[in-house]
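One letter stands for each residue in the lines below.
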Amino acid sequence: MLAWGRSNAHLRTSRTWWFSGMGNSDARRKPFFIGKAIMVASVVALCIIFVKQPFFKGTSQFSHHETGVVHVLVTGGAGYIGSHASLRLLKDSYRVTIVDNLSRGNLGAVKVLQELFPEPGRLQFIYADLGDRKSVNKIFSENAFDAVMHFAAVAYVGESTLEPLRYYHNITSNTLTVLEAMAAHGVKTLIYSSTCATYGQPEKMPITEATPQAPINPYGKAKKMSEDIILDFSRRSDMAVMILRYFNVIGSDPKGRLGEAPRT
Ligand SMILES: NC(=O)c1ccc[n+]([C@@H]2O[C@H](COP(=O)([O-])OP(=O)(O)OC[C@H]3O[C@@H](n4cnc5c(N)ncnc54)[C@H](O)[C@@H]3O)[C@@H](O)[C@H]2O)c1
């Protein structure tokens, strides 16, 4: 207690001395200090304004919006459908960022795309896992996306019955992560790659969009849950969403530049 009191008393004395020193014996220095303070404040303000400029976010063309250029994030773009979608987007002059963890995809497909569109600002590949929320948020904060095409998923019905948790995590949980990142960063267009597996075993054929969705395996259920999350969110926000429910896709690029095999 004693020591505490003493040190406070000492501090008080020295503070008083400092202020009185400024006020009395060195009055001419006051304008100098004010001038210095104004200068420091101005420099700090200029730095803040400078750092907030879009160009300071990074030198990459991917990091800021550009008039007339639509930047699309393609998740799973190293995979079969995602790489073909990227090819089409690039052909149609979109700016494309592919995010893929290469768990199933084919880096060769990305290389083909890079060779076809080598110009700066056309295509970038980011190796990342959508299950890593921190990475996803970093990607969204470092890039200025206008739209997302979400293809990344594990996608085998049989495997989903053996590893249901993996499927719910990879499909449903990761879709939630992507959607939250989109909402947080003001990205307002989403195209989601769902599946006909959400229909289960319909009583009436052919299947139409009006057919009730009653999935019968974890793959279909995980996709249906993702759809529900997306639709619920879109009803309460200004996000434009489109859900694709397609059947088995086949074929390759007519010019033979990209194929179907996911691992070659
Ligand atoms: N191929 C079909 O016939 C078909 C039919 C209906 C729906 N779909 C859906 O279309 C999408 C694409 O299917 P595909 O056939 O191109 O599959 P694919 O396996 O060729 O591609 C999926 C890609 O997603 C990536 N990926 C998976 N998990 C990831 C994660 N956590 N983080 C980052 N990347 C990840 C993989 O590495 C792969 O490159 C899937 O969502 C699938 O459910 C496919």
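All residue numbers refer to positions counted from 1 along the written sequence of the respective chain. For a predicted model such as this one, the threshold for reporting local features is a pLDDT of at least 70, and the threshold for listing and counting side-chain atom pairs is 80 or more; totals across whole chains, interfaces and linings nevertheless cover every residue.

Undergrad: Hey, could you go over unusual backbone geometry for me, with residue numbers and the actual values?
TA: Backbone torsion omega between Met205 and Pro206 reads -5 degrees, so that peptide bond is classified as cis. Put simply, DSSP H or I for four residues or longer makes a helix, DSSP E for two residues or longer makes a strand, and each gets a number counted from the N terminus. Positionally, Pro206 belongs in the loop between strand E5 (189–195) and helix H8 (218–235). In the Ramachandran plot, Ser93 falls in the positive-phi region, its phi being about 75 degrees despite a non-glycine side chain. Within the secondary structure, Ser93 sits in the loop between helix H3 (80–91) and strand E2 (95–100). Residues with at least 20 other C-beta atoms within 10 Å of their own are called buried, those with 12 or fewer are called exposed, and the rest are partly exposed. The C-beta atoms themselves are positioned from the backbone. Ser93 sits in the exposed class, given 11 other C-beta atoms within 10 Å. Positive phi is not limited to glycine here, since Leu102 has a value of about 55 degrees. Mapped onto the fold, Leu102 is located in the loop between E2 and helix H4 (107–116).

Undergrad: Before we move on, could you go through the site of the ligand and cite the residues and values that matter?
TA: In the region of the ligand, 28 residues are neighbours, and Gly76, Gly79, Tyr80, Gly105 and Ala153 sit closest. Broken down by secondary-structure element, the contributors of at least two residues to the shell around the ligand are H3, helix H7 (164–184) and E5. For the shell around the ligand, the element with the highest residue contribution is H3, accounting for 3 residues. Gly is placed with the polar residues, together with every amino acid not listed as nonpolar (Ala, Val, Leu, Ile, Met, Phe, Trp, Tyr, Cys and Pro) or charged (Asp, Glu, Lys and Arg). Class assignment for the residues of the shell around the ligand results in 13 nonpolar, 12 polar and 3 charged. Throughout this description, a residue near a molecule or strand is one whose C-beta atom, derived from the backbone, lies within 6 Å of it.

Undergrad: Kindly report on the nonpolar core, identifying the contributing residues and their values.
TA: Any nonpolar core is a set of buried residues, restricted to Ala, Val, Leu, Ile, Met, Phe, Trp, Tyr and Cys, that join up through C-beta atoms within 7 Å. Residues Val74, Val96, Ile98, Val148, Val178 and Met182 are the most contacted members of the largest nonpolar core, which totals 41 residues. Per element, the largest residue contribution to this core is 6 residues, and it comes from H7. Placing a C-beta atom from the backbone of each residue, one calls two residues in contact when those atoms lie within 7 Å. Excluding residues that lie within four positions of it along the chain, Ile98 makes contacts with Val74, Gly77, Ala78, Ser86, Val110, Phe125 and Ile126.

Undergrad: Outline the confidence of the model for the protein, supporting the account with residue identities and numerical values.
TA: For any part of a model where pLDDT is low, the fine detail of the predicted coordinates should not be relied upon. For the protein, the average pLDDT comes to 86, and 80% of its residues sit at 70 or higher. Every residue in residues 1–25 scores below 50 in pLDDT, and together they form 3 contacts with partners more than four places removed in sequence or on other chains. Low confidence marks residues 50–57, where pLDDT is under 50. Its contacts with residues over four positions away, or in another chain, come to 6 contacts. For every residue, the predictor reports its confidence as pLDDT, a number between 0 and 100.

Undergrad: Explain H4 to me, and be specific about the residues and the numbers.
TA: Taken residue by residue, H4 has Ala109, Val110 and Leu113 as its buried positions. Across the axial projection of H4, the buried residues extend over an arc of 100 degrees, all falling on one side. Projecting away from the buried face of H4 at angles above 90 degrees are the exposed residues Leu107, Lys111 and Glu115. Each element contacted by the buried residues of H4 is listed here: H3, E2 and strand E3 (123–127). The arc in question is formed by the directions pointing from the helix axis toward the C-beta atoms.

Undergrad: Lay out the packing of H7 against H8 with the relevant residues and their values.
TA: Helix axes are fitted to C-alpha atoms over the stretch in contact, other axes to C-alpha atoms as well, and angles between N-to-C directions run from 0 to 180 degrees. Contact geometry of H7 with H8 gives a least axis separation of 9 Å together with a crossing angle of 15 degrees. Considering their axes alone, H7 and H8 lie roughly parallel with respect to each other. In the packing of H7 onto H8, the handedness of the crossing is right-handed. Listed contacts from H8 to Pro164, Tyr167, Tyr168, Ile171, Thr172, Thr175, Leu176 and Leu179 of H7 are Pro218, Tyr219, Ala222, Lys223, Met225, Ser226, Ile229, Ile230 and Phe233. The scheme is simple: roughly parallel for angles under 35 degrees, roughly antiparallel for over 145, roughly perpendicular for 65 to 115, oblique for anything else. Whether a crossing is left-handed or right-handed is set by the direction in which the near helix is turned from the far one by less than a right angle, anticlockwise for left-handed and clockwise for right-handed.

Undergrad: Provide a residue-level description of the sheet that holds E3, including the pertinent values.
TA: By the convention used here, strands pair only if DSSP detects at least 2 bridges between them. Sheet architecture is open: 6 strands sit in the order E3-E2-E1-E4-E5-E6, paired in parallel fashion. Each edge of the open sheet is held by one strand with a lone partner, namely E3 and strand E6 (240–246). Each strand axis lies, on average, 15 degrees off the axis of its neighbour in the sheet, ignoring direction. As defined by bridge partners, E2 adjoins E3 across 5 bridges and the pair is classed as parallel. Of the residues in E3, the one forming a bridge with Asp100 is Tyr127.

Undergrad: How would you summarise the packing of helix H5 (residues 133–142) against H7 if you had to cite specific residues and measurements?
TA: Packing of H5 against H7 leaves a shortest axis separation of 10 Å and a crossing angle of 35 degrees. For the pair H5 and H7, the sense of crossing is right-handed. Residues Arg133, Val136, Asn137 and Phe140 of H5 form the contact with H7, whose participating residues are Thr177, Val178, Ala181 and Ala184. For the contact of H5 with H7, the per-class residue count stands at 5 nonpolar, 2 polar and 1 charged.

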